[in-house]
Amino acid sequence: MEDEGIRIKRWKDLETDCLTRVLSRVGMESLLLTVPFVCKSWYVTSLNPLCFQSLIFPDFMPFPLFTYSNNSKEPPRSFGPFYDKFIDEYGIDKSRFSITAFVKFVVNRSNGLAIQLKLPEFCTKEGLMFVSDACPLLKNVWLPDDLVIFKTSHIVSQLIRKWKFLESLILGFGMLNIMDQYEMDGRPKFLSEHFNKLLTMKDFFSPNALDAILVQIGTHCKHFTDLMVYHTSLGEVEASRIVKCHCRINRDSVVTVLRGCKELVLFIANQCEGFEGSDEEISKFGSQIMNFSCQDCVGGDLLLTFFKLTNVHRRLVSMMFLMYMGS
């Protein structure tokens, strides 16, 4: 349209570079389910690898993870709102849908340019290994599966060396969806065949993969600054590794971190179990830290923790523990 000599362009007439910048910010759901169907120019632009530098996969929630029969081979009836909609939109046979194939499909769109990745929960080892080879420029990675029971978690340490530019890593924040399904209606349940294939259940209480991951980060990731881990065990070995190379946590492990990380400027451990917030030795070390807080902490076993630690030029400067009070 014309208005006082100024021509207002239609959305479909936007320059390609400008449209690419816009579409790179809309998210995966829009890129796959909305944008391609607007017009031909938007569809072509949506195929540009620059639109897929941030690979934030929507939550993948196969249902059911648990069945009421010990020999049930029932396939998932749902994969979560986004994936169900994707299956319907593209006319895919739900019984043949594979999260591994979907991950490969999307990652290939990035053509090796992805710098940010959040994998869906319940991803397979094959999917994770494909991503590690196809995305060498990754800086920020979120891997939601638990560090003890999932097969994917046991190969993370083998893949870290491929991410030379890695700056931040978030691990193990996907247990809540599992617990929600397990606790549903209170009836006795068994693992579904689909879910069981993703797990390594030989010893549920075996050590998690955190120590091996820390070793590889310290060796191969020179730009690394942030690590966040949910639902894991931080013992003396892991605490010592943190001090040297760049969550059930007990008092001695807290002391190890506070004593060994000389450059620590932030330490927050609120509403945690495993040590007393009023502990004299912890308070003494904490008094030397610029930002220190241990409020509402009680002794005993730690149930579920989250921690963040920041390493700048191999100096740990920030660490955070937050307590998730599960049922």
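Small disclaimer: the values here were computed from a predicted structure and weren't measured.

Undergrad: Is there a simple way to explain the layout of surface pockets in this structure?
TA: Over the atoms, a rolled probe matching the size of one water molecule traces out where space is still vacant. Its volume calculated, the second largest pocket comes out at about 210 Å³. Taken together, 14 residues make up the lining of the second largest pocket; nearest its centre are Phe79, Phe97, Ser98, Ile99 and His194. Residue composition of the lining of the second largest pocket, by class: 7 nonpolar, 5 polar and 2 charged.

Undergrad: What am I meant to see in the pairing of strand 6 (residues 140–143) here?
TA: Here is the key point about a regular strand: its side chains alternate between the two faces of the sheet. Note: strand 5 (residues 116–118) against strand 6, 3 bridges, orientation parallel. Note that in strand 6 the partner of lysine 118 across the bridge is tryptophan 142. This β-α-β element, strand 5 to helix 6 (residues 125–134) to strand 6, shows right-handed connectivity.

Undergrad: Which parts of the structure should I look at to understand the side chain of serine 110?
TA: Along the polypeptide, serine 110 turns up in helix 5 (residues 99–110). Its relative accessible area of 0% is what places serine 110 among the buried residues. Discounting chain neighbours no more than four positions away, the residues touching serine 110 are Pro49, Phe52 and Leu55.

Undergrad: So what exactly am I meant to see when it comes to the confidence of the model for the protein here?
TA: Low-pLDDT stretches of the model should not have their predicted coordinates read in fine detail. Taken as a whole, the protein shows an average pLDDT of 76; of its residues, 74% reach a score of 70 or greater. The model gives residues 300–327 a pLDDT under 50, and that stretch makes 109 contacts with residues more than four places away or in other chains.

Thresholds applied
- Residues numbered from 1 in each chain as written.
- Predicted model: local features only at pLDDT ≥ 70, side-chain atom pairs only at ≥ 80, totals over all residues.
- Heavy atoms only, no water.
- 1 Å grid on protein atoms, 1.4 Å probe; cavity = no way out; pocket = protein on both sides within 12 Å on 5 of 7 lines; lining within 4 Å.
- Points joined across faces, edges and corners; volume = space filled by probe spheres on them.
- Nonpolar A, V, L, I, M, F, W, Y, C, P; charged D, E, K, R; others polar.
- Pairing = 2+ DSSP bridges.
- Helix = DSSP H or I, 4+ residues; strand = E, 2+ residues; numbered from the N terminus.
- Right-handed = clockwise from strand over helix to strand, strands pointing away.
- Buried < 20%, exposed > 50% of the residue type's maximum accessible area, 1.4 Å probe, protein only.
- Contact = heavy atoms within 4.5 Å.
- pLDDT = per-residue confidence, 0-100.

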